[in-house]
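If you want the building blocks of each chain, they are given just below.
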Amino acid sequence: KRLILVGPPGSGKGTQSPLIKDEYCLCHLATGDMLRAAVAAKTPLGIKAKETMEKGELVSDDLVVGIIDEAMKKPSCHKGFILDGFPRTVAQAEKLDDMLGKQGTKIDKVLNFAIDDSILEERITGRWIHPSSGRTYHTKFAPPKVLGVDDVTGEPLIQRKDDTAAVLKSRLEAFHKQTEPVIDYYAKKNVVAELKAEKSPKDVTSDVQKVLSS
Ligand code: AP5
Ligand code: ZN
């Protein structure tokens, strides 16, 4: 399967991705995770992206399209993939269609994580992540066994620099202005399935399974 996960910050894309990935043996390509790794490693790409990400704005289309183009060459992505956080502009969606068209493939489903903005601040400000695995926790909704510590490795958890109420405002603005049109773009191709992302993580997972098995 070739899937796109789209939704505002905190809607649950990164929480659901590992579950879908394991069930369908897909590769998980999250542009946000890849950019954060580049920032941490201080690569030329990371140095370019850092400031923009900390402001909650979108990095340039060329930069992320380049990352995705490179990542999709991995053999593990040939059978299918989950795109989490990409495409985020109509220009990115058009580039993606070109890339897939050249391989004779296309997107099977776009999962739209629909949720009211008012719920997101609590989700974002309570999030803790394990940077090397991408595992995500929440102080209230998905607490780790030991506060501040990853359940699997025992390594420390961190908070994202852009997970503040102030930066969330710009991220939401970018979502409504630049990413909502991407949902319309795919709706015209009849591949969008809407999920009620305010439900519990378990209920969202079972809704995803229903959509993908239908
Ligand atoms: P990115 O990393 O993609 O961030 P985002 O889109 O803002 O999404 P989040 O990761 O915040 O949300 P999520 O839906 O994954 O939520 P999660 O499941 O973790 O992008 C970051 C930045 O990189 C961008 O601002 C931009 O600068 C740049 N960038 C990335 N891609 C780009 C692109 N294509 N073009 C240009 N720039 C790009 O859940 C959040 C919290 O809620 C967690 O704590 C979780 O435990 C909890 N939670 C999850 N589900 C539930 C539930 N059902 N009930 C209760 N709590 C829940
Ligand atoms: Zn995420």
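Basis of the calculations
- Residues numbered from 1 in each chain as written.
- Chains lettered and ligands numbered in written order.
- Predicted model: local features only at pLDDT ≥ 70, side-chain atom pairs only at ≥ 80, totals over all residues.
- Heavy atoms only, no water.
- UniProt positions renumbered as here; feature names shortened; annotations may be inferred.
- Disulfide = S-S within 2.5 Å.
- Helix = DSSP H or I, 4+ residues; strand = E, 2+ residues; numbered from the N terminus.
- Buried < 20%, exposed > 50% of the residue type's maximum accessible area, 1.4 Å probe, protein only.
- Phe/Tyr/Trp six-rings, centres within 6.5 Å; stacked < 30°, edge-to-face > 60°.
- Arc of directions from axis to C-beta.
- Contact = heavy atoms within 4.5 Å.
- Near = heavy atom within 4 Å.
- Polar contact = N/O pair within 3.5 Å; in protein donor to acceptor, adjacent residues only side chain to side chain.
- Areas by Shrake-Rupley, 256 points an atom, 1.4 Å probe, with all protein chains shown as cover.
- Nonpolar A, V, L, I, M, F, W, Y, C, P; charged D, E, K, R; others polar.
- Core = buried A, V, L, I, M, F, W, Y, C linked by side-chain atoms within 4.5 Å.

The name given to the protein chain in an unreviewed UniProt entry is adenylate kinase, with the source organism recorded as Kingdonia uniflora. The UniProt entry for the protein chain carries this comment under Sequence similarities (unreviewed entry): "Belongs to the adenylate kinase family." Taken verbatim from the UniProt record of the protein chain, the Function (unreviewed entry) comment is "Catalyzes the reversible transfer of the terminal phosphate group between ATP and AMP. Plays an important role in cellular energy homeostasis and in adenine nucleotide metabolism."

What am I meant to see in the state of the cysteines here?
Between two cysteines, a covalent bond joining their sulfur atoms is known as a disulfide. This model, assessed by the stated rule, comprises one disulfide. Each disulfide pairs two cysteine sulfurs, and for Cys-27 the partner residue is Cys-77, the sulfurs being separated by 2.1 Å. Classification of the bridge connecting Cys-27 and Cys-77 rests on its S-S torsion, roughly 110 degrees, and on that basis the disulfide is right-handed. You can see Cys-27 sitting in strand β2 (residues 27-30) and its partner Cys-77 sitting in the loop between α4 (61-71) and β3 (81-84), a full 50 residues away along the chain. For the pair Cys-27 and Cys-77, a shared accessibility class is recorded, and that class is buried. Among the cysteines around Cys-25, which has no disulfide bond, Cys-27 carries the closest sulfur, lying 11 Å off.

How should I be thinking about the packing of aromatic side chains in this particular structure?
Working definition: an aromatic ring pair is given by the centre-to-centre distance plus the angle between the planes. For the coordinates displayed, the defined rule picks out one aromatic pair. Where Tyr-185 meets Tyr-186, the ring centres are 5.0 Å apart and the plane angle is 90 degrees; that geometry is what we call edge-to-face. Comparing Tyr-185 with Tyr-186 shows no difference in burial state: the two are buried.

I'm lost on helix α2 (residues 31-40) in this one. Help?
Because each turn of an α-helix spans 3.6 residues, side chains separated by three or four positions end up pointing in the same direction. Listed in full, the buried residues belonging to α2 are Thr-31, Leu-35 and Ala-38. The buried side chains of α2 occupy one side of the element, clustering within an arc of 60 degrees when seen end-on. Looking at the buried side of α2, the elements it contacts are β2, α3 (44-55), α4 and β3. Directly beyond the C-terminal end of α2, a positive phi value near 55 degrees is found at Lys-42.

Which parts of the structure should I look at to understand the site of ligand 1?
Residues in close proximity to ligand 1 total 34 residues, the closest being Thr-15, Glu-57, Arg-88, Arg-127 and Arg-171. Gly-10 is positioned with one of its backbone polar atoms (N or O) 2.8 Å from an oxygen atom of ligand 1. The backbone of Val-59 places a nitrogen or oxygen atom 3.1 Å from a nitrogen atom of ligand 1. Across the complex, the protein chains shield 95% of the 1100 Å² of accessible surface that ligand 1 would expose by itself. Within the residue set of the shell around ligand 1, elements represented by two or more residues are α1 (13-24), α2, α6 (120-125) and β6 (135-138). By residue number, the principal contributor to the shell around ligand 1 is α2, which donates four residues. Considered class by class, the residues forming the shell around ligand 1 number twelve nonpolar, twelve polar and ten charged.

It is not clear to me how the nonpolar core should be interpreted in this structure. Could you clarify?
Formed by 31 residues in total, the largest nonpolar core has its most connected members in Leu-29, Leu-35, Met-72, Leu-83, Leu-96, Ile-107 and Tyr-186. Of all the elements in the fold, those that place two or more residues in this core are β1 (2-6), β2, α3, α4, β3, α5 (90-103) and α7 (165-187). Ranked by residue count, the leading element in this core is α4, at six residues. Look past the residues within four positions of Ile-107 in its chain and what remains in contact with it is Arg-2, Ile-4, Phe-81, Leu-96, Leu-100, Tyr-186 and Val-191. Judged by nonpolar contacts, the second largest core, of 19 residues, contains Leu-26, Leu-111, Ala-193 and Leu-195.

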